[in-house]
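Chain by chain, the residues:
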Amino acid sequence: MVFHLPQHKRKVAVIAGVIGNVMEWYDFALYGYMAAILAHLFFPGDSKVASLLAVYGTFAAGFIMRPIGSALFGWLGDTTGRSATMMISVSMMVVPTVALGLLPTYATIGIAAPIFLVIIRLAQGLSVGGEFSSSVTYLVETSPPGQRGLSGSFANVGSLMGSLLGSGMAAAVTWFLNPADLHEWGWRLPFLFGGVLGVSAIYLRRHLPKSEHFAKHVAERGKTSPLAEAFLNNRRQMMQGTLFAASYGSLYYLILVYLPTWLSHYTPLALKDAMPWNTLATALLIPIIPLAGWISDRYFRRTHVLVAVMLTLAGLAIPMFHFIKTGDPIVAGVAQIVFALLIAFPCGIGPALFTELFPTRDRLSGYSVSFNVGMGLVGGATPALVTWLISVTGYDALPGLFMVVAGLIAAVSLIWMRDRSREPLE
């Protein structure tokens, strides 16, 4: 039976999947770039309670709500449908984003301001736990059999476009507004613009065609909980997915998030000189990601490509870190681009790989939980862990060693997996 969508509906589905991830990661990137301004406006240092809210609220949004969201949206997607879950997840990002742009500051309503901000971040963290894996699962399930890698890769294209757009909007208001206007009202503009993106995503998703693959599954499934299925009957796949997501996530955060900071702290290079190269490297990922997905559809099995990439990253890591320690901006820039081009392959191939790993009855639950625990918890904590390890050991090229370990673990987890890139979805 053929489950993929007709061509005219396929375009709408892909655009809807991409723009949801643009919205999701636009907001997360924007919050990161505007963090210093938000901290001043909502968490003043002279308020002990506000300072504690800043610390524990940020921790909860990233490390607690995202895994909870993965379980919640995974269960919803496996019981009510992929398209309905995609609508809920993007709506849960739009409303808090606009609310943040309209939120009164500490100077206006006192301690209620940081409390409301933490609540907003908790809602956004919950949404992030479900958006990416829901859209990937939908895109892959509704794809023609020979295009699952390419189709799934578009979710990460949306994520990176959102990150670049978020950083660009933050840079624009910082550049064009004087500090007084920026702190008075200008910081609100990028968040309100996020509402425009969100309304566009909701409009595109309002009549999203259903996944026929999922519809057939619903007609045949029993009453077993998909979360129970994932943890009890697909334990091996959960372990494989979490292990790969954790190692791939560590590499992703080290290369695209931590490296510019490391360069500014441990080499003669200033952050303002490292960041343009990082932005260029991130932009170059956008065309390479779908190319990687396409290659895994047409020429090489997904696990084979990724094992080669992970071993290459492991082999290059320590020599490259010793080269860039010289502080030469060209060497540092080339290293960032080489690392980024390599990490583009798991970004492009990983979505289809995760989707194919699990059977339909618990696909979204298994994917969401394993991916968010590995990528969100382990990957997201990697920069802080590496910083602490450098302070303890005094070995400032330690990120290179960490990349070797992560690359080898990723390769082992991939070899352990069954490659289903040339098989029908279960």
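Figured I'd write up the structure that's included with this text.

Basis of the calculations
Residues numbered from 1 in each chain as written. Predicted model: local features only at pLDDT ≥ 70, side-chain atom pairs only at ≥ 80, totals over all residues. Heavy atoms only, no water. Helix = DSSP H or I, 4+ residues; strand = E, 2+ residues; numbered from the N terminus. Buried < 20%, exposed > 50% of the residue type's maximum accessible area, 1.4 Å probe, protein only. Contact = heavy atoms within 4.5 Å. Core = buried A, V, L, I, M, F, W, Y, C linked by side-chain atoms within 4.5 Å. Salt bridge = Lys/Arg side-chain N within 4 Å of Asp/Glu carboxyl O.

Turning our attention to the side chain of Ser89. Within the element layout of this structure, Ser89 appears in helix 5 (residues 82–102). Under the relative-accessibility criterion, Ser89 is labelled buried at 0%. The residues touching Ser89, leaving out its near neighbours within four places in the chain, are Glu24, Phe73, Ser127, Gly130, Glu131 and Arg205.

Now for the nonpolar core. In terms of nonpolar packing, the biggest core is built from 105 residues, with Phe244 and Leu313 touching the most fellow members. When residues no more than four places from it in sequence are discounted, the contact partners of Phe244 are Gly249, Leu306, Met310, Pro346, Leu353, Phe354, Ala410, Ser413, Leu414 and Met417. In terms of nonpolar packing, the next biggest core, distinct from the first, is built from five residues, Ala13, Ala16, Tyr138 and Leu208 among them.

Applying the stated criterion across every chain, the model contains nine salt bridges. The salt bridge partner of Arg363 is Glu141, with a shortest N-O separation of 2.7 Å. Placement of the pair is Arg363 in helix 17 (residues 363–393) and Glu141 in helix 7 (residues 112–141), with a sequence separation of 222 residues. Glu141 carries the same exposure label as Arg363, and that label is buried. The salt bridge partner of Lys325 is Asp396, with a shortest N-O separation of 2.9 Å. Pair noted here: Lys325 is in the loop between helix 15 (302–324) and helix 16 (329–357) and Asp396 is in the loop between helix 17 and helix 18 (398–416), with a separation of 71 residues, a long-range link. Looking at Lys325, the relative accessible area reads 29%, which means it is partly exposed. Given the relative accessible area of 19%, Asp396 is considered buried.

Checked against the element boundaries, Ala406 lands in helix 18. Taking C-alpha positions, Ala406 is 23 Å from Arg420, a pair spaced 14 residues apart along the chain. Once residues lying within four places of it in the same chain are set aside, the contact partners of Ala406 are Ser247, Ser250 and Leu251.

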